[in-house]
Amino acid sequence: MQTVTLTRQGQVAIATLHNPPVNALSAALRADLLQALALALADSDVVALVIAAQGKAFIAGADISEFGKPPAPPILPDLLAAIENAAKPVVAAIQGVALGGGLEVALACHARVATPAAKLGLPEIKLGLIPGAGGTQRLPRLIGATKAFPMMLSGEPIAAQKALALGLADKLVESDAVGAAVALAQELAGKGAPSKTGERADKLTAGDREAFEALAKDALAKSGDMPNAMALIEAVRGAFTLAPAEAHANERALFVKLVADDRSKALRYAFFAEREAAKVPGLDESAKPRPIARAAVIGAGTMGGGIAMCFANAGIPVTLIETTQELVDKGLERVRGTYGFSVKRGSLSEAARDERMALITPHVGLDGAADADIVIEAAFEEMGVKQEIFGTLDKIAKPGAILASNTSYLDLAEIAAVTSRPADVLGLHFFSPANVMKLLEIVRPAGTAADVVATALWLGRKLGKVPVVVGNCFGFVGNRMLAQRTRAAERLLIAGALPHEVDAALTGFGFKMGPFAMSDLAGNDIGWRTRKSLGKTAAVADALCEAGRFGQKTGKGYYLYPEGARTGERDPEVEALIARISQEKGVTRRSFTADEIVARLMDPMVNEGARILEEGIAARPGDIDIVWLNGYNWPAWRGGPMHWADSVGLDVIARRLQAQAAESGDASLEPAPLLRRLAAEGRGFSSVKAAAA
Ligand code: 3HC
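Residues numbered from 1 in each chain as written. Predicted model: local features only at pLDDT ≥ 70, side-chain atom pairs only at ≥ 80, totals over all residues. Heavy atoms only, no water.

A.B. asks: It is not clear to me how the sheet that holds strand β10 (residues 171-172) should be interpreted in this structure. Could you clarify?
C.D. replies: For sheets, the rule is that strands pair by backbone hydrogen bonds, running either parallel or antiparallel. Pairing is mixed in the open sheet, where six strands are placed in the order β1-β2-β3-β5-β7-β10. Bordering the open sheet on either side are β1 (4-9) and β10, each of which pairs with just one other strand. The pairing of strand β3 (residues 48-53) with strand β5 (residues 90-94) spans three bridges and is classified as parallel. By the bridge assignment for β5, Val50 is matched with Val91. (Pairing = 2+ DSSP bridges. Helix = DSSP H or I, 4+ residues; strand = E, 2+ residues; numbered from the N terminus.)

A.B. asks: I would appreciate a short explanation of the packing of helix α12 (residues 302-313) against helix α13 (residues 325-345) in the present structure.
C.D. replies: Helix packing for two helices is described by the angle between their axes and how far apart those axes are. Where α12 meets α13, the axes come as close as 9 Å, and the angle between the chain directions of the two elements is 60 degrees. In terms of axis orientation, α12 runs oblique to α13. Relative to α13, the crossing made by α12 is right-handed. When α12 is examined against α13, the residues Thr302, Gly305, Met309, Ala312 and Asn313 are found in contact with a partner set consisting of Arg334, Val335, Thr338 and Tyr339. Of the residues assigned to the contact of α12 with α13, the class counts are four nonpolar, four polar and one charged. (Axes fitted to C-alpha atoms, helices over the stretch in contact; angles between N-to-C directions. Parallel < 35°, antiparallel > 145°, perpendicular 65-115°, else oblique. Left-handed = near helix turned anticlockwise from the far one by under 90°. Contact = heavy atoms within 4.5 Å. Nonpolar A, V, L, I, M, F, W, Y, C, P; charged D, E, K, R; others polar.)

A.B. asks: Hey, could you run me through unusual backbone geometry in this one?
C.D. replies: Outside of glycine, negative phi angles account for most residues, and trans bonds account for most peptide bonds. Geometrically, the link from Pro20 to Pro21 is a cis peptide bond, its omega value of 5 degrees lying close to zero. Relative to the assigned elements, Pro21 resides in the loop between β2 (12-17) and α1 (27-42). The backbone of Asp176 shows a phi angle near 50 degrees, a positive value even though the residue is not glycine. Tracing the backbone through its elements, the reader meets Asp176 in the loop between β10 and α7 (177-189). In this model, Phe476 sits at a positive phi of 55 degrees, which is unusual for a non-glycine residue. Relative to the assigned elements, Phe476 resides in the loop between β18 (466-471) and α18 (478-495).

A.B. asks: Explain helix α28 (residues 673-680) here, please?
C.D. replies: Since there are 3.6 residues in each turn of an α-helix, residues three or four apart along the chain are aligned in direction. Turning to α28, its buried residues number three or more, namely Leu674, Leu675, Leu678 and Ala679. Buried residues of α28, viewed axially, fall in a sector of 130 degrees; they line one side. The exposed residues of α28 that point more than 90 degrees off its buried face are Pro673 and Ala680. In this fold, the buried residues of α28 make contact with α24 (594-614) and α27 (650-664). Gly682, located one to two residues past α28, shows a positive phi value of around 70 degrees. (Buried < 20%, exposed > 50% of the residue type's maximum accessible area, 1.4 Å probe, protein only. Arc of directions from axis to C-beta.)

Right under this line is the structure:
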């Protein structure tokens, strides 16, 4: 046995799993555990078995990388049936996480011991799946469907203390879960044949069924048409309506169908892409993060305040800097207000809010950055302003301090050049609201030191972000691609679509908001200012701004917002304006289907993604997808723009772009060389290997 060691403590055998890094239930581990069980059962000196694990996890679940491959025996449900049906008691000793198939192993055991650090959960829903090895059956039978269903629906793990309260764990011990599990196993061995959770029915009362059905109805209303929420309900319902063997078979059939669903494939792809993004090709492995004990944020606007909150939330003291007392007070008040919402919602205690507020020190003047190990500038988006700040910081900041800019577009090399320490400068691009959005684009201009990048990666994770290292170019990865979508949306209006049609196509695709509703929310004047600074125009968008239609804040933009409404209404005036602009440009307007709109919005973005890859701005297609999934609300079950493009077929996208380029005369819509090459070779982006950044 390679992944399981079988030892003995008195009359109790201990099967210790060691399948680093997280004891995922690979084919080898399943086979070894089955063998360990058989050996323990065959040994007449052994009265019981404990399943324990080495490392930080008990078991993190099924091996996700095996999904979609032909299943190698023993499959997990068979292994778990063997555990449950064992004539000798089996006890799980849970230290660390027991997730998915890992918790299902523990549920098949006859008892469970946990330490306070243990976390127990069935997160399959987040991968577009449902528990597929008895979780939907044994958990309701153990704690009732009313408690079990919400756990499976949210996928969020629960702490050991709560597991004990629910009856999911039988015993909680401060440490030495194995010792306690051995004692419990010995005790159970004296009590005759072990009781099987899978055959219990005492919790499945009529009242439990009724309460579960009410929760299920609510869940269906909220989950849209995600197939796994429906499957979860069907599987759990089986615990009430079917014989145990049939209910297990029903769960398995639903699980197997979901594994083959493209939506689950996309979510699984994103799981691995996110972890891959943390590994930066070409980054000197000896580069160690610099210690970060104190931070400073320059600019107490919405962005700066949000970034300061990220530090406070992570327990890192931070100085929030502004140019005047009034501005810094206002910024701090905004932060307090945001924490106040969390307190009101009950997601943050008043004590925790006070602790976090105490970590934020307001200060007037850049000298407040003198003692910071990292300074993040979040001031006005103008090169002159940034250069002046960095020039001053260069004189003030302590040696070795990291100097970062939160710029969304600007050239980091130009900013770094005004300092005497360009190797310490990089971009840390947070997304609004910074205390909520997960993405952190780490922008690495050519001269940044490797340990500065390593620090940024460490810090990103410490702040609870998903960090992605990108190269230095206008707009980096996310905004550079977004600019293409914005241009495409304007083109669609002129060609014949109306704002609500474009927005509906995008929400139909899975986004929470379409580009025009989004622009109205953010303020149309932002893009207008940027276009003017770049000498660019957009006929419809410019005309709206010239008419003072900045969006929700002015009560009108692409839509009308009467009396402060949050959802816009169609405005005949805007639609007439768009028709007039089409006419002036000599365009005969035509209608577009939702699919055509989606293609016209997405294809140019994918094309830009191909250029970004070719230029080495992103190291791999997965990094681009992680940017879009975590910074721009790309629908998770579509896996990101590059994954989506592969699912459509790059040949199809290249052909569509070619046709658009011909129709519009816009050469920038010609397929990028990489896209053209991959399409011609019948390959997808997924075949592109990581490039050293
Ligand atoms: N299968 C395969 N690999 C896994 C894995 C799994 N279930 N869980 C984690 N890994 C790998 C990661 O890919 C990563 O590999 P890498 O080092 O090569 O990049 C490594 O383990 C460490 O993972 P993290 O970087 O995520 O480590 P953390 O310490 O931050 O988190 C964790 C650990 C909480 C276990 C987290 O990895 C996690 O949430 N894993 C997924 C848990 C899950 O979804 N389980 C359910 C699987 S589906 C299932 O069980 C179906 C069943 O019902 C039949």
